[in-house]
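Structural description and commentary
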Amino acid sequence: MWKNRFMEDFKKSVEDYRKSRLKPILPCPFCGSEGRDSYYGEYRYIICTNKDCGARSGQIDVTNYRSKGDNLDCINMAIDMWNKRSQDTPPYEGDKNEN
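Notes on the structure in this doc start here. For clarity, every value in this text was computed on a predicted model and none was experimentally measured.

About the thresholds
- Counting starts from 1 at the beginning of each chain's written sequence and moves along it residue by residue.
- With pLDDT at 70 or above as the cut-off, local features in this predicted model cover only qualifying residues; side-chain atom pairs require 80 or more to be listed or tallied, and sums for whole chains, interfaces and linings still use all residues.
- Here the side-chain values reflect all heavy atoms present in the structure, with hydrogen atoms and water set aside.
- Counting from the N terminus, the helices are DSSP H or I runs at least four residues long and the strands are E runs at least two residues long.
- The buried label applies to any residue whose accessible area, calculated with a 1.4 Å probe on protein chains only, is under 20% of its type's maximum; exposed applies above 50%, and partly exposed to all values in between.
- Residues are treated as being in contact if the distance between any of their heavy atoms lies within 4.5 Å.
- Note on areas: these come from Shrake-Rupley sampling with a 1.4 Å probe, and a residue is covered only by the protein chains present in the view.
- Should DSSP find at least two bridges between two strands, the strands are regarded as paired.
- Aromatic pairs are defined between Phe, Tyr and Trp rings, using the six-membered ring for Trp, whenever the two ring centres lie within 6.5 Å; interplanar angles under 30 degrees are classed as stacked, those over 60 as edge-to-face, and all others as tilted.
- Counted as over-ring charges are cases with an Arg CZ or a Lys NZ within 6 Å of the ring centre that also lie within 35 degrees of the ring normal.
- Patch membership requires more than 30% relative accessible area and the absence of a salt bridge. Residues of like charge join within 9 Å; the nonpolar side chains Val, Leu, Ile, Met, Phe, Trp and Tyr join within 5 Å.
- Salt bridges are counted wherever a side-chain nitrogen of Lys or Arg sits within 4 Å of a carboxyl oxygen of Asp or Glu.
- Think of a polar contact as two N or O atoms within 3.5 Å of one another; within protein, one of them needs to be a possible hydrogen donor and the other a possible acceptor, and neighboring residues in sequence only count if both atoms come from side chains.

**Focus on the overall build of the protein chain**
What the protein chain contains, in helices and strands, is 2 helices and 3 strands. Shown N-terminal to C-terminal, the secondary structure of the protein chain runs as helices and strands in the order α-β-β-β-α. Within the protein chain, the proportion of its 99 residues that are buried is 26%. Here the contacts in the protein chain between residues at least 6 apart in sequence split such that 49% fall between residues at least 24 apart. When the accessible area of the protein chain is evaluated, it comes to approximately 7,500 Å², of which 52% is carbon and sulfur surface.

**Notes on the environment of Ser-57**
Looking at where Ser-57 falls in the secondary structure, it is placed in the loop between strand S2 (43-48) and strand S3 (60-61). Owing to a relative accessible area of 6%, Ser-57 belongs among the buried residues under this scheme. Each C-alpha atom, one on Ser-57 and one on Ile-79, is 7.8 Å from the other, the two residues being 22 residues apart in sequence.

**Quick word on the pairing of S2**
In terms of burial, S2 is largely enclosed, as 5 of its 6 residues are buried. Of the strand pairs in this sheet, strand S1 (residues 35-40) and S2 are connected by 6 bridges, and their pairing is antiparallel. In the strand pairing of S2, Ser-38 is matched with Tyr-45. Taken together, S1 and the strand that follows it, S2, pair antiparallel across an intervening segment of 2 residues, in which Gly-41 is found at a positive phi of about 60°. With 2 bridges connecting them, S2 and S3 associate as antiparallel partners. Pairing of Tyr-43 across the sheet is with Asp-61, part of S3.

**Details of the packing of aromatic side chains**
For any pair of aromatic rings, the description rests on two quantities: the centre-to-centre distance and the angle between the ring planes. Under the definition given, this model contains 0 aromatic pairs. Across the ring face of Tyr-45, the terminal group of Arg-56 is positioned such that the distance to the ring centre comes to 4.2 Å.

**Focus: a nonpolar patch on the surface**
Among the surface-exposed residues, Phe-6, Met-7, Phe-10 and Val-14 lie close enough to one another that they form a single nonpolar patch of about 380 Å² accessible area. With respect to the element layout, Met-7 can be found in helix H1 (residues 2-21).

**Some words on the environment of Glu-34**
Considering the arrangement of structural elements, one finds Glu-34 in the loop between H1 and S1. Since its relative accessible area comes to 60%, Glu-34 is described here as exposed. For the pair formed by Glu-34 and Ile-47, sequence separation is 13 residues and the distance between their alpha carbons is 8.5 Å. The residues contacting Glu-34, other than those within four sequence positions of it, are Ile-47, Cys-48 and Thr-49.

**Points about the side chain of Asn-83**
Along the chain, Asn-83 turns up in helix H2 (residues 71-88). In this structure the side chain of Asn-83 is engaged in a polar contact, spanning 2.9 Å, whose partner is the backbone oxygen of Pro-24. With sequence-adjacent residues up to four places away left out, Asn-83 is seen in contact with Pro-24, Ile-25 and Leu-26.

Shown next as structure tokens:
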């Protein structure tokens, strides 16, 4: 039983540390939904949580940065790409051609 409690505390500590090192992710510029970090193989990127939207940032190849920093640095680079695009694009306001 103490092992379960220890693992829960450890996982929470790791998640708190991770959150403290990550930059804030702005909402999707196309639908306004939250963005979240994701990965595929050695690539990190930010995706929109709205499955109907499908927006995502450019991808960062972790193998290029492994010796220069940790994975959180790569996620922060992907967040920078997502947030730059989000700030430069006007927010989605719905279909203006609705009758």
